[in-house]
Amino acid sequence: MSLGRIAIFAAGATAGVLASYAVKSEKVRPVAVCTVKAGLKAKDWTVKQYETIREDVKSLAEQAREKGSSLVSKETKEAAKETA
């Protein structure tokens, strides 16, 4: 086993012990609850922003398709006039 893996394992075990202590501690628990609450708010905001951007991009793509198909129609008509 390499020294790097041992160090990573030790850091993970230490973090686990500290997290366990934080959840059970009366002084640290309120801070942990506030941190989780803020994380959930951030997640909700991110999901909302993603949905908004997704809708905007979808709308832009639809407009581009409409405009692209009208351009193709014009080019087809012009080509037909030139051959006639």
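Each chain has its residues counted from 1, running along the sequence as written. Thresholds applied to this predicted model are a pLDDT of at least 70 for local features of residues and 80 or more for the giving and counting of side-chain atom pairs; totals over whole chains, interfaces and linings are not thresholded and use all residues. The side-chain values count all of the structure's non-hydrogen atoms but skip hydrogen atoms and water molecules.

Caption draft 1: Just the overall build of the protein chain, in detail. Put simply, DSSP H or I for four residues or longer makes a helix, DSSP E for two residues or longer makes a strand, and each gets a number counted from the N terminus. For the protein chain, the count of helices and strands is two helices and zero strands. Partly exposed residues are those whose accessible area sits between 20% and 50% of the maximum for their type, while under 20% is buried and over 50% is exposed, using a 1.4 Å probe and protein chains only. Counting across all 84 residues of the protein chain, residues that qualify as buried make up 2%. In the structure as shown, the protein chain presents an accessible area of about 7800 Å², 65% of it carried by carbon and sulfur atoms. Surface accessibility follows the Shrake-Rupley procedure with a 1.4 Å probe radius. Residue values consider only the protein chains on display as shielding.

Caption draft 2: The arrangement of the environment of R29 in detail. Relative to the helices and strands, R29 resides in helix 2 (residues 29-83). Any two residues having at least one pair of non-hydrogen atoms within 4.5 Å are treated as being in contact. Not counting residues within four places of it along the chain, the set of residues in contact with R29 comprises A22 and V23.

Caption draft 3: Up close: the pattern of salt bridges. What makes a salt bridge here is a side-chain nitrogen of Lys or Arg within 4 Å of a carboxyl oxygen of Asp or Glu, nothing more. All chains considered together, the criterion is met by two salt bridges. Measuring nitrogen to oxygen at the nearest pair gives 3.2 Å for the salt bridge that ties D44 to K43. Residue D44 is classed as partly exposed on the basis of its relative accessible area, which comes to 45%. Judged by its relative accessible area of 46%, K43 falls in the partly exposed class. Across the salt bridge formed by R54 and E51, the nearest N and O atoms sit 3.7 Å from each other. Taken together, the residues span about one helical turn, with R54 and E51 both in helix 2 at a distance of three residues.

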